[in-house]
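# Coordinate inspection notes
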Amino acid sequence: MYVFNRITVNPQLPKRIDKLNEVANNLWWSWNTEFLRLFQKIDRDLWEESEKNPVKFLKRVSQEKLEEASKNIPFLKEYDKIIDNFEAYMNSKNTWFSNKYPKNKEDLIAYFSAEYGLDQTIPIYSGGLGILSGDHLKSASDLGIPLVAVGLLYKNGYFNQKINGYGEQKTEYKNIDLYDLPINPVKDEKGEDLIIYVKFPKRRLYLKVWQINVGRVKLYLLDSDIDKNNEEDRDVTLRLYGGDQEMRIRQEIVLGMAGVNLLKTLGLDVTVYHMNEGHSAFLNLEIIKNIIKEKEVSFEVARDIASSKTVFTTHTPVPAGNDIFPVALVEKYFKDFWPRLGLSREEFLRLGMKPLGELEPGFNMGILALKIAGKKNGVSKLHGAVSRELFGEIWPDIAANESPITYVTNGIHTCSWLSPRLKELYNKYLEPYWQDTMFDDNKWEKIKNIPNDKLWEAHQDRKVKLLELVKQNVTNRLRRENYNYDDINDIVSKLNPNALTIGFARRFATYKRATLIFKDIERITQILNNQDKPVQLIFAGKAHPKDKEGQDLIKYIHDIAKMPQFKGKIFLLENYNIAMSRYLISGVDVWLNNPRRPMEASGTSGQKASVNGVINFSVLDGWWAEGYNQYNGWTIGTNAEYNSYEEQDKADSESIYNTLENKIIPMYYKKGKNGISDEWLEMMKESIISTGGKYSTARMLVDYTDKLYIPLCNLTKKYYQDIDYVAEFNDWKRDIIRDWKDIKLTQVNNLDNITIDAGNNIEVKCEVELPNINKDNIEVEVYYGKILDNGIVENVSIIPMELESADEDSKKYLYKAKVELTTGGNYGYTFRVMPKHEMILEPTNLNLIKWITK
């Protein structure tokens, strides 16, 4: 056999079009898809063969084709326009952030996430968390927010899904070919690959650093698959969410601890670190260790400084959603670390445990992040409330509903998810450069000006493309399982672009209840077999390789779809990814979402659907609990609590059937002579208008910046860079915690069981005795709200009270406030005292509160 040496020859871009390579290596193109059309024009066949990957295309295109393009006048005209747009974007100094926060231009936010969903060509994501992270970076770039990101480079990525003839999910891992991707090695000052390390027991783990350009944002990825590591350690970053708990703790040490040191090695002066979920929570320990070493301060002082620099976003609505590592595993990797913090074994382990009681068997990454991070948030209004209750035990002396966890509702990077035809319509009917201020709800009102026939035509065009994708996906799967041509054609030929099409696509976790619509087989059979008003269902999604129950849901849908009455009416797609998602969320008519409330933290697929005019049909959970306005979609079930899951499933499935039969199907088929249901189009428009700005990551990043990033940036620079300030604050905290129990709170004018007319106010007073605390270090508040029949107080208002008089000799102080009662009902009020200091990040962080008691 002949032996050949391999030589790779890269085509040389003619100078006239040499910017193609620069843009191809920046994921700006993933939301400016007009750039990708240039490659189609150069060589349409190769573009398809290259799987619409511009880097791969440029390494395979013929020199002849490039030379032709460089002399093609129409091509060059389009090329020049796109390159001008790219360079204007990259070099712009006129951004939202620079205009609003000119004094913070030197600040830097470091964003840490275990996964990033940026484009289907880079499979280092598994689901919603990664998609959100990718969208976060894109909007940070659009808004000009100074942000850098850190993650891991999984060369096996997440698995490819195959569904066999029995409906069983099979997993396939393939190596990512970095040569064909916009991922490039970072070089050190000598021009060599940058290699850093993190300490593991009795060895070092070496990590190569890679970079992805996401518009103006840089994403750094850490890779353990290099020759300097042993075989076992080379696999640390091989697979996303792969391996056992020991592999997970290794990955999270790399993400959090090595990630912090990477940014330090790069010379980046980070102002605020943002942990997207608890996977990166070990970064807190690395920050504290570095501060202790550099500033020569105690753990307590270093912890205060670290708190002033950290944000933690929790995405889980259930306790089991956080990584919890066995104590023995934590000891294995950190027994030589906690002495460097000046902590004992027990003190260190308690950082990841609830504050009361004996040592627990597990170390909770979510609790570690919550205890140290200065700012903490859930990802929707409802999830914020759920999180406060879920983690209330971390602050045992604070009412659970006042735990210091706020919320920033998730959103989507609109231009990444908007179908091209709709983007053209929006460009025409919305104001110029609408993308720059898309977070402004008022900008979306002009959607009303789009003619119904134009909007419907664009939607139907996308629907036809989706059904082509469905046909190809199902055909490929059935061919692999040896179905004959006639049987395959009998199924896919029934795909109908004029039928009401309902989509369900997401991770197959049990709480998402993918099979709920099949609760009553007879009822759904009737709905799907009405020949006058046809309905078709499309399902897609992966189950975690270790989630047997989730995989059983896939098999159930597979088996249902094979039943005679459902053949050609229910379609199950395999290998759900970003590319497929883009067609599903824009090509179906209705987006079905029926999680078990309140277990959906946010959910963003419905947001992607709504901005494309696809109407949501969802349980009032996650984002839809605040997004639904009665005119932009439909709800499933109620907010009632049930005695069992079975009872809840029965009630919610009945709601699905009733709404389909009485509202959704009649409205869809209420078509005029032009074949359009004007009522349906009005709801499509309301869906776009009511969610387009509010549920974009542009709005989300504005919220993160205004509420979390900038307050921490300003606070840490004003106070926490001066060690003397921090030491004094630490002493102040110690003293106030010691003396807090001595505070006495007494009501002065007892207004109990009185009746007044709505619209009036009452003046209330209380006396506070402060034997050992300065009055300037407390905030006295009146706390009031409506009392329900069960005694619970809701719609709580909290009003700061004014100091009326002071007796410094007795240390007694009289406070007053006026309480306005604008509507009828039974109200209750009481008084409390909270700590006050200019360096407090959140008052309830200190776990100090004094209520009036009898």
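It should be noted that the structure appears before, not after, this text.
For the structure given in this document, a descriptive report is provided here. (Residues numbered from 1 in each chain as written. Predicted model: local features only at pLDDT ≥ 70, side-chain atom pairs only at ≥ 80, totals over all residues. Heavy atoms only, no water.)

### Structural notes on the overall build of the protein chain
A count of helices and strands for the protein chain gives 29 helices and 28 strands. Its C-alpha atoms give the protein chain a radius of gyration of 29 Å, within 12% of the compact-globule value 29 Å for 854 residues. Overall, the protein chain is about 95 × 70 × 50 Å in size when its C-alpha atoms are taken along their principal axes. Taken over 854 residues, the protein chain has a buried fraction of 56%. Expressed as a percentage of contacts within the protein chain between residues at least 6 apart in sequence, the contacts between residues at least 24 apart total 72%. (Helix = DSSP H or I, 4+ residues; strand = E, 2+ residues; numbered from the N terminus. Rg over C-alpha atoms; globule rule 2.2 N^0.38 Å. Buried < 20%, exposed > 50% of the residue type's maximum accessible area, 1.4 Å probe, protein only. Contact = heavy atoms within 4.5 Å.)

### Thoughts on a nonpolar patch on the surface
Together, Ile 787, Val 793, Val 796 and Ile 798 give the surface a local cluster of nonpolar side chains, amounting to about 250 Å² of exposed area. For the nonpolar patch, the element with the highest residue contribution is strand E24 (residues 793-800), accounting for three residues. Structurally, Ile 787 is set in strand E23 (residues 778-787). For Ile 787, a relative accessible area of 34% corresponds to the partly exposed category. (Patch = residues over 30% accessible without salt bridge, like charges linked within 9 Å, V, L, I, M, F, W, Y side chains within 5 Å. Areas by Shrake-Rupley, 256 points an atom, 1.4 Å probe, with all protein chains shown as cover. Salt bridge = Lys/Arg side-chain N within 4 Å of Asp/Glu carboxyl O.)

### Some remarks on the packing of helix H10 (residues 245-265) against helix H13 (residues 327-334)
Two elements in contact, H10 and H13, have axes whose closest approach is 11 Å; the angle formed by their N-to-C orientations is 45°. Taken together, H10 and H13 sit at an angle that is classed as oblique. The two elements H10 and H13 cross, and the hand of that crossing is right-handed. Each of Gln 245, Glu 246, Ile 249, Arg 250, Ile 253 and Met 257 in H10 lies in contact with H13, whose residues at this interface are Leu 329, Val 330, Lys 332, Tyr 333 and Phe 334. The residue inventory of the contact of H10 with H13, partitioned by class, reads seven nonpolar, one polar and three charged. (Axes fitted to C-alpha atoms, helices over the stretch in contact; angles between N-to-C directions. Parallel < 35°, antiparallel > 145°, perpendicular 65-115°, else oblique. Left-handed = near helix turned anticlockwise from the far one by under 90°. Nonpolar A, V, L, I, M, F, W, Y, C, P; charged D, E, K, R; others polar.)

### Some thoughts on the sheet that holds strand E20 (residues 633-636)
Taken together, the six strands give an open sheet; going across it, the order is E17-E16-E15-E18-E19-E20, and neighbouring strands pair in parallel fashion. Because the sheet does not close on itself, it has two edges, and the strands there are strand E17 (570-573) and E20. Between one strand and the next, the sheet's axes are offset by a mean angle of 20°, whatever the strand orientation. When strand E19 (residues 615-619) meets E20, the two strands line up parallel, connected through four bridges. Within E20, the residue paired with Phe 617 across the bridge is Trp 634. The strands touched by helix H22 (residues 548-561) within the sheet are strand E16 (535-540) and E17, with E17 carrying the most contacts at an inclination of about 140°. (Pairing = 2+ DSSP bridges.)

### Observations concerning the nonpolar core
Counting residues in each nonpolar core, the largest one holds 273 residues, and the members touching the most others are Phe 334, Phe 348, Tyr 426 and Trp 680. Top element by residues in this core is helix H28 (residues 697-720). It accounts for 13 residues. Leave out the neighbours within four places in its chain, and Tyr 426 touches Leu 418, Trp 434, Trp 444, Ile 447, Ile 450, Val 611 and Ile 688. (Core = buried A, V, L, I, M, F, W, Y, C linked by side-chain atoms within 4.5 Å.)

### Thoughts on the pattern of salt bridges
This structure, assessed with the given rule, holds 61 salt bridges. For Arg 16, the salt bridge identified is with Asp 80, shortest N-O distance 2.8 Å. Highlighted residues: Arg 16 in the segment before helix H1 (19-24) and Asp 80 in helix H6 (residues 73-91), separated in sequence by 64 residues. Under the relative-accessibility criterion, Arg 16 is labelled partly exposed at 39%. Residue Asp 80 is classed as partly exposed on the basis of its relative accessible area, which comes to 28%. The closest approach of N and O atoms between Lys 155 and Asp 223, which form a salt bridge, is 3.0 Å. Here Lys 155 is found in the loop between strand E2 (147-152) and strand E3 (160-163), whereas its partner Asp 223 is found in strand E8 (residues 217-223), with 68 residues between them in sequence. For the pair shown, Lys 155 and Asp 223 are each scored as buried.

### Let's talk about H6
Between its terminal C-alpha atoms H6 stretches 27 Å, which fits the 27 Å expected from 19 residues at 1.5 Å a residue. Restricting attention to buried positions, one finds in H6 the residues Phe 75, Leu 76, Tyr 79, Ile 82, Ile 83, Phe 86 and Tyr 89. End-on, the buried residues of H6 take up no more than an arc of 155°, which puts them together on one face. Turned more than 90 degrees away from the buried face of H6 sit Ile 73, Pro 74, Lys 77, Lys 81, Asp 84 and Asn 91, all of them exposed. Against H1, helix H2 (37-42), helix H5 (63-69) and helix H8 (128-143) lie the buried residues of H6. At the N-terminal end of H6, a side-chain oxygen is found 3.0 Å from the backbone nitrogen of Phe 75, two or three residues along, and the residue is Asn 72. (Expected span 1.5 Å × (residues − 1). Arc of directions from axis to C-beta. Polar contact = N/O pair within 3.5 Å; in protein donor to acceptor, adjacent residues only side chain to side chain.)

### Here's the deal with the environment of Asn 714
Following the sequence through the fold, Asn 714 ends up in helix H28. On the basis of relative accessible area, Asn 714 is assigned to the partly exposed category, the value being 37%.

### Here's the deal with the sheet that holds strand E21 (residues 744-747)
Taken together, four strands build an open sheet; the order of strands is E21-E22-E26-E25 and the sheet is antiparallel. Single-partner strands in this sheet number two, and they are E21 and strand E25 (802-807). Each neighbouring strand pair of the sheet contributes to a mean axis angle of 25°, computed without reference to strand direction.

### Overview of a positive patch on the surface
A grouping of Lys 199, Arg 204, Lys 228, Lys 293 and Arg 340 is seen on the molecular surface, where their side chains present a positively charged patch. With respect to the element layout, Arg 204 can be found in strand E7 (residues 203-214). (Lys, Arg positive; Asp, Glu negative; His and termini not counted. Charge placed at Lys NZ, Arg CZ, Asp CG, Glu CD.)

### Brief notes about the side chain of Asp 119
Positionally, Asp 119 belongs in the loop between strand E1 (109-112) and H8. Side chain to side chain, Asp 119 and Thr 121 meet in a polar contact 2.7 Å long.

### Points about the pairing of strand E22 (residues 761-769)
Judged from the four bridges that link them, E21 and E22 form a sheet pairing that is antiparallel. Bridge pairing links Gln 747 to Cys 766 in E22. Relative to strand E26 (residues 812-820), E22 runs antiparallel, the two sharing nine bridges. Each bridged residue has a counterpart across the sheet, and for Asn 761 the counterpart in E26 is Glu 820.

### Section: the packing of helix H18 (residues 420-429) against helix H19 (residues 452-480)
For any two helices packed against each other, the geometry comes down to the angle between their axes and how far apart the axes lie. Axis separation between H18 and H19 bottoms out at 8 Å; the angle between their running directions is 160°. Of the possible angle classes, the one that applies to H18 and H19 is roughly antiparallel. Contacts between H18 and H19 involve Pro 420, Arg 421, Leu 422 and Leu 425 from the former and Lys 454, Leu 455, Glu 457, Ala 458, Asp 461 and Arg 462 from the latter.

### Concerning the environment of Ile 756
You can see Ile 756 is positioned in the loop between E21 and E22. Along the chain, Ile 756 and Gly 824 lie 68 residues apart, while their C-alpha atoms are 9.2 Å from each other.

### What about unusual backbone geometry?
The amide bond that connects Arg 597 to the next residue, Pro 598, takes the cis arrangement and shows omega of 5°. Its place among the elements puts Pro 598 in the loop between strand E18 (590-593) and helix H24 (605-611). Backbone geometry at Asn 575 places phi at a positive 60°, although glycine is not the residue there. Residue placement: Asn 575 occurs in the loop between E17 and helix H23 (578-587).

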